[in-house]
Amino acid sequence: MTEDTTEAERKGRHLELASLEVGSIALGLKVGDELIAVNGLPFDGSTQDLRARFGRGNPTIALTFQREDRKFVVLSSTPNLGRWKEGREYDADQAEQSARRIIPEGMINWEIYRDANGVYDIQTQRPSNLAIGLTPLWYAQNRLWTPLAIWAATVIVTLPLGLWVVVLTQTLAWSYFWNTAPEFFRRDRIERGMTLLQVIAAKNETRVHQYIKREFPEMRFVYAALPEEPEMSEAEGL
């Protein structure tokens, strides 16, 4: 066996998204994104191999994609993300040496929104427990004033009808708000001129901010304090 043959056998090839389905759009994926790893380990296979990785029972799997020079991870419970085609060739040995296994348990998908001024905001795709436990606080925290006004109106309208009516109404409202909280957030941010930048999987909010700071250092969190302007001297003011 020659050296050239050995080297050729150690080459892998990524899968590239050629078209999108509903599941991939919800994950913020784009045409051209390349699947490079499954649960952190390099993936070199066909679409059938990818389906086999998921197996039965709809397990949640961490998929690592590469978009231009940027790598990111999303969680998916389905391999049905669109039509795939062969992507770029890569060095299998190097990929294996630098690979780190990813355990999906404990991770969740986060949506990152950005406006034209580089201001970003984030939310989890999983409904927040705060949205059902402390509904008005969650809406106020996320500046969702319209849903907060609707919630307050239901309290005002049902209060004269008695405590049990209030409790029953709020129980139904909490369930509704908990299930629809992410969609309320999306619509509000879009109305404010934000668009979905990306979805990434992370264990907590801190990890998301760290990723954004590393990959998009020019962006600023919507709730971050504005940097203080240096005091202008008289000469500078002329």
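Refer to the preceding data block for the structure.
Residues numbered from 1 in each chain as written. Predicted model: local features only at pLDDT ≥ 70, side-chain atom pairs only at ≥ 80, totals over all residues. Heavy atoms only, no water.

## A look at helix H9 (residues 205-215)
Inclusion rule: Each residue gets one of three labels from its accessible area relative to the maximum for its type: buried under 20%, exposed over 50%, partly exposed in between, using a 1.4 Å probe on protein chains only. Put simply, DSSP marks the helices as runs of H or I at least four residues long and the strands as runs of E at least two long, and each gets a number from the N terminus on. By construction, the arc corresponds to the directions joining the helix axis to the C-beta atoms. Throughout, a contact is declared for two residues whenever any of their heavy atoms are within 4.5 Å. Pairing of N or O atoms within 3.5 Å defines a polar contact, subject to two protein rules: one partner must be a possible hydrogen donor and the other a possible acceptor, and residues neighboring in sequence count only if both atoms are side-chain atoms.
Buried within H9 we find Val-208, Tyr-211 and Ile-212. The arc that holds every buried residue of H9, seen down its axis, measures 95°, which confines them to one face. Exposed and oriented more than 90 degrees from the buried face of H9 are Lys-213 and Arg-214. Close packing links the buried residues of H9 with strand E5 (70-76), strand E7 (108-114), strand E8 (119-124) and strand E9 (195-202). For H9, the capping residue at the N-terminal end is Asn-204, with a side-chain oxygen 3.2 Å from the backbone nitrogen of Thr-206.

## Description of helix H7 (residues 145-158)
Quick note on the threshold: Expected span of a helix: the number of residues minus one, times 1.5 Å.
With 14 residues, H7 extends 20 Å from end C-alpha to end C-alpha; this agrees with the ideal 20 Å at 1.5 Å per step. Among the residues of H7, Pro-147, Leu-148, Trp-151 and Thr-158 are the ones counted as buried. When H7 is viewed along its axis, its buried side chains cluster within an angular range of 110° and face the same direction. Opposite the buried face of H7, by more than 90 degrees, sit the exposed residues Trp-145, Thr-146, Ile-156 and Val-157.

## Some thoughts on the environment of Asp-33
Structurally, the position occupied by Asp-33 is in the loop between helix H2 (22-26) and strand E2 (34-38). Looking at Asp-33, the relative accessible area reads 1%, which means it is buried. In this structure, the C-alpha to C-alpha distance between Asp-33 and Arg-67, residues 34 residues apart in sequence, is 5.1 Å. When near neighbours in sequence (up to four residues on either side) are disregarded, Asp-33 contacts Leu-15, Glu-16, Leu-17, Phe-65, Gln-66, Arg-67 and Phe-72. Within the structure, the side chain of Asp-33 is placed 2.8 Å from the side chain of Arg-67, a separation counted as a polar contact.

## Topic: the sheet that holds E7
Across a sheet, strands are paired by hydrogen bonds formed along the backbone, either parallel or antiparallel in direction. The cut-off we apply is this: Any two strands between which DSSP finds at least two bridges are classified as paired. All axes are obtained by fitting lines to C-alpha atoms, using only the stretch in contact for helices, and the reported angles, taken between N-to-C directions, cover 0 to 180 degrees.
Spatially, E9-E7-E8-E10 is the arrangement adopted by the 4 strands of the open sheet, whose pairing is mixed. Taken across any chain shown, the strands that pair with only one partner, and hence form the sheet edges, are E9 and strand E10 (220-221). Two elements, E7 and E8, share 5 bridges in a ladder whose sense is antiparallel. Of the residues in E8, the one forming a bridge with Trp-110 is Thr-124. Against the sheet, H9 engages E7, E8, E9 and E10, with an angle of about 145° to E8.

## Here's the deal with the side chain of Glu-34
Along the chain, Glu-34 turns up in strand E2. Excluding residues within four positions of it along the chain, Glu-34 makes contact with His-14, Leu-15, Glu-16, Thr-64, Phe-65, Gln-66, Gly-87 and Arg-88.

## Some details on the pairing of strand E4 (residues 61-67)
Of all 7 residues that make up E4, 7 are buried, and the element is covered over most of its length. Here E4 shows no split at all, with Ile-61, Leu-63, Phe-65 and Arg-67 on one side and Ala-62, Thr-64 and Gln-66 on the other all buried. Examined bridge by bridge, E2 and E4 share 4 bridges and lie antiparallel to one another. Bridge pairing links Leu-35 to Phe-65 in E4. One ladder, built from 7 bridges, connects E4 with E5; its direction is antiparallel.

## Let's talk about the packing of aromatic side chains
Quick reminder of the rule: To pair, rings of Phe, Tyr and Trp, with the six-membered ring standing in for Trp, must have centres within 6.5 Å; the planes then decide the type, stacked if under 30 degrees apart, edge-to-face if over 60, and tilted in the middle. Criterion for a charge above a ring: Lys NZ or Arg CZ within 6 Å of the ring centre, and within 35 degrees of the ring normal.
Scanning the entire structure with this criterion turns up 5 aromatic pairs. On the basis of an interplanar angle of 20° and a centroid distance of 6.0 Å, the ring pair of Phe-65 and Phe-72 is categorised as stacked. For the residue pair Phe-65 and Phe-72, the accessibility class agrees, reading buried in each case. Centre to centre, the rings of Tyr-120 and Phe-221 are 5.3 Å apart; their planes meet at 40°, and the pair counts as tilted. Separated by 101 residues along the polypeptide, Tyr-120 in strand E8 and Phe-221 in strand E10 bring together distant segments of the chain. Judged by its relative accessible area of 17%, Phe-221 falls in the buried class. Three or more aromatic residues link up through ring pairs in this structure, and these residues are Phe-65, Phe-72 and Trp-84. One residue, Arg-189, lies across the ring of Phe-185, its end atom 4.2 Å from the ring centre.

## Examining the pattern of salt bridges
Applicable threshold: One side-chain nitrogen of Lys or Arg within 4 Å of one carboxyl oxygen of Asp or Glu is enough to make a salt bridge.
Scanning all chains against the criterion turns up 13 salt bridges. A salt bridge links Asp-33 to Arg-67, with the nearest nitrogen and oxygen atoms 2.8 Å apart. With Asp-33 in the loop between H2 and E2 and Arg-67 in strand E4, the pair connects residues that are 34 residues apart, well separated along the chain. When the shortest N-O distance is used, the salt bridge between Glu-215 and Arg-70 registers 3.5 Å. Within this pair, whereas Glu-215 is found in helix H9, its partner Arg-70 is found in strand E5, the two being separated by 145 residues in sequence. By relative accessible area, which is 21% here, Arg-70 ends up partly exposed. Residues joined by salt bridges that share partners form a network here, namely Glu-111, Glu-183, Arg-186 and Arg-187.

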